[in-house]
Amino acid sequence: MKKLILSIGSLVLVVFTTWWLQDAPLDDAARQWLNSTPNDNNLAYAYLLGFGAPAIQSPAQLGRELAQRQETHPDLALPNAYPELNNLPLLCQTMDAACLLKQQDKQAEAKALITRYQFLIDRYRTFLTFSYFSDNTPPHLTATFPQYSLLIAASRLQSLVWANSDEPGPALLIEIQQLRHWLAQDHSLISKMIANAILTEKLQLVALLVQQKSMPAPTLASLTTAEKSFQTPMQKEFTLMAHFFLEEQYREGNEKATWAEELQFKAGLKKHISVNRMLPLYQHYAQLAEQLPNDIKQDDFLPAPATIGQAIRNPIGNILLETASPDFKDYLLRLVHLDAHIQLLDHLDSTAQGDPVTNNPWTPGKDDTLTRQEQQLCFSSAPDNGRYGSCLPLL
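Quick notes on the rules
- Residues numbered from 1 in each chain as written.
- Predicted model: local features only at pLDDT ≥ 70, side-chain atom pairs only at ≥ 80, totals over all residues.
- Heavy atoms only, no water.
- Disulfide = S-S within 2.5 Å.
- Buried < 20%, exposed > 50% of the residue type's maximum accessible area, 1.4 Å probe, protein only.
- Helix = DSSP H or I, 4+ residues; strand = E, 2+ residues; numbered from the N terminus.
- Lys, Arg positive; Asp, Glu negative; His and termini not counted.
- Salt bridge = Lys/Arg side-chain N within 4 Å of Asp/Glu carboxyl O.
- Contact = heavy atoms within 4.5 Å.
- Polar contact = N/O pair within 3.5 Å; in protein donor to acceptor, adjacent residues only side chain to side chain.
- Pairing = 2+ DSSP bridges.
- Axes fitted to C-alpha atoms, helices over the stretch in contact; angles between N-to-C directions.
- Phe/Tyr/Trp six-rings, centres within 6.5 Å; stacked < 30°, edge-to-face > 60°.
- Lys NZ or Arg CZ within 6 Å of the ring centre and 35° of its normal.

K.L.:
When you look at the state of the cysteines in this model, what are you seeing that I'm missing?
P.N.:
One way to say it: the disulfide is the covalent bond shared by the sulfur atoms of two cysteines. Overall, the coordinates contain two disulfides when judged by the stated rule. Between the sulfur atoms of Cys-92 and its disulfide partner Cys-99 the distance amounts to 2.2 Å. Because the torsion about its S-S bond is 95°, the bridge between Cys-92 and Cys-99 counts as right-handed. On the basis of relative accessible area, Cys-92 is assigned to the buried category, the value being 12%. Disulfide pairing places Cys-378 opposite Cys-391 at an S-S distance of 2.1 Å. Note on the Cys-378 and Cys-391 pair: the S-S dihedral is about 110°, so by sign convention the disulfide is right-handed. Of the two residues, Cys-378 is situated in strand 3 (residues 376-379) and Cys-391 in strand 4 (residues 391-393); the sequence distance between them amounts to 13 residues. Neither Cys-378 nor Cys-391 differs from the other in exposure class; each is buried. Counting its disulfide-bonded cysteines in sequence order, the protein chain shows a connectivity of 1-2, 3-4.

K.L.:
Mind showing me how you'd approach the side chain of Arg-334 here?
P.N.:
The residue Arg-334 is located in helix 18 (residues 329-344) in this model. The buried charged residue Arg-334 lacks any salt bridge, with Asp-330 as its nearest oppositely charged partner at 6.3 Å. Not counting residues within four places of it along the chain, the set of residues in contact with Arg-334 comprises Met-193, Asn-196 and Tyr-388.

K.L.:
Where do I start with the environment of Gln-147 in this structure?
P.N.:
Tracing the sequence through the fold places Gln-147 in the loop between helix 7 (118-128) and helix 8 (148-163). For Gln-147, a relative accessible area of 18% gives the class buried. Through-space distance from the C-alpha of Gln-147 to that of Pro-79 is 7.9 Å; in sequence the pair is 68 residues apart. The residues contacting Gln-147, other than those within four sequence positions of it, are Leu-78, Pro-79 and Asn-80. Among the polar contacts listed, one links the side chain of Gln-147 to the backbone oxygen of Leu-78, at a separation of 3.3 Å.

K.L.:
Is there a simple way to think about the sheet that holds strand 2 (residues 368-373) in this case?
P.N.:
Where strands meet in a sheet, backbone hydrogen bonds hold them as pairs that are either parallel or antiparallel. On the basis of which strands lie adjacent, the open sheet formed by four strands has the order 1-2-3-4 and antiparallel pairing. Strands with a single pairing partner mark the edges of an open sheet, and in this sheet they are strand 1 (356-357) and strand 4. With respect to the sheet, helix 18 is in contact with strand 2, strand 3 and strand 4, its orientation differing from that of strand 3 by roughly 115°.

K.L.:
Would you explain unusual backbone geometry in this entry?
P.N.:
Glycine aside, residues mostly have negative phi, and peptide bonds are mostly found in the trans state. Residues other than glycine seldom take positive phi values, yet Lys-213 does so here, at roughly 65°. Within the secondary structure, Lys-213 is located in the loop between helix 10 (189-211) and helix 11 (225-228). Among the residues examined, Lys-213 registers a relative accessible area of 74% and is labelled exposed. The phi dihedral of Glu-374 falls on the positive side, at around 50°, and the residue is not glycine. Residue placement: Glu-374 occurs in the loop between strand 2 and strand 3.

K.L.:
Teacher, can you tell me more about the packing of aromatic side chains here?
P.N.:
Aromatic rings in a pair are described by how distant their centres are and how their planes are angled relative to each other. Within the structure shown, the criterion is met by 16 aromatic pairs. Ring geometry for Tyr-82 versus Tyr-117: centroids 6.1 Å apart, planes at 85°, classification edge-to-face. Remark: Tyr-117 occurs in the loop between helix 6 (107-116) and helix 7 and Tyr-82 occurs in the loop between helix 4 (59-70) and helix 5 (97-105); sequence separation between them is 35 residues. Arranged with centres 5.8 Å apart and planes meeting at 80°, the rings of Phe-127 and Phe-133 form a pair that is edge-to-face. The exposure classification of Phe-127 matches that of Phe-133, with both residues buried. One aromatic cluster is present, formed by Trp-33, Phe-238, Tyr-282, Tyr-285, Phe-301, Phe-328 and Tyr-331 through successive ring pairs. If you follow Lys-192 out to its NZ or CZ, it ends over the ring of Phe-230, 5.9 Å from the centre.

K.L.:
Can you help me understand the pattern of salt bridges in this one?
P.N.:
Pairs can form between side chains of opposite charge whenever their charged atoms are close. Enumeration according to the criterion identifies three salt bridges in this entry. The salt bridge involving Glu-201 is made with Arg-156; its shortest N-O contact spans 2.6 Å. In this pair, Glu-201 sits in helix 10 while Arg-156 sits in helix 8, placing the two residues 45 residues apart along the sequence. For Glu-201, a relative accessible area of 14% gives the class buried. For Glu-227, the salt bridge identified is with Arg-180, shortest N-O distance 2.8 Å.

As structure tokens, this is what we get:
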């Protein structure tokens, strides 16, 4: 009897240990998301890698070389020969009335700056002509993203040109159209927010130039589904974090683990279980971006807690997931604010505060009112998300 009990106990222990140490298979949905992120030789992405090259060098040629090297060296240093542009007073970080008036008051200084960096403006214009863009930054936590800060600086140089132009309207609206095309491309979360930020500044500039009678008030269409989409950004974010587990990037700096540490990794961190648990978070926000703004604003999604089996088999992975599960809702709301900026362009000539308006994206199908305060024209019913709000600057 004792031998039978011992045999059964030993068998149960072997089965439990085998189950405990084994990983789960990767879910088909997770595999599909990992395989859906484009990894082509994208010319626009390569051009952006070489964007910060010295003036005498071709950003396209250098970018192609950098893109090839980045495949094996994701933390490759990218060129930026012009870091000083981020701190130039004429390239304001906030496009408001004070910024525009300063740019127009210092015309000689503005002209000299434009002449000095005309090649960067030309690079910016060239970048906007690419028909397709995909942020192909390798899915590695140490990977270097393109010099998006320099792209913003080049965009502000172009805005400086429009601020001192006699007829900025037609060309500025073409630029906005090109930026909206870029907004709808295959972005990472970072590049999506960069496109959103640049477009926001352009719309603020339009609002100010319209009030100066430098251009007529444009009628722009609301953001399209493709422009608001977060499908690709969420897929790329998921891929980044999935590779953190699948390629064991958590071991970097600790490659020569002791036998005890190896046992800890083997027993306490299951790669597939971790990746499978992550997926619903990213799927949720990709789907949420397609919902009404009020649904986004009220969303309180929390990932499902680990099951008993997941808690036993994957304690280290669960801890990593709980400490690295971001809330993407604020990023989705920034696109609603961008849509609100577009709609507010219709009301720049409205002088009566409190008049009903019907095109506030925060209140679809309902009337809202406008407010004029602190040199801003705003929708009354819109959340204030710090730096990001549904307002346009007033002169």
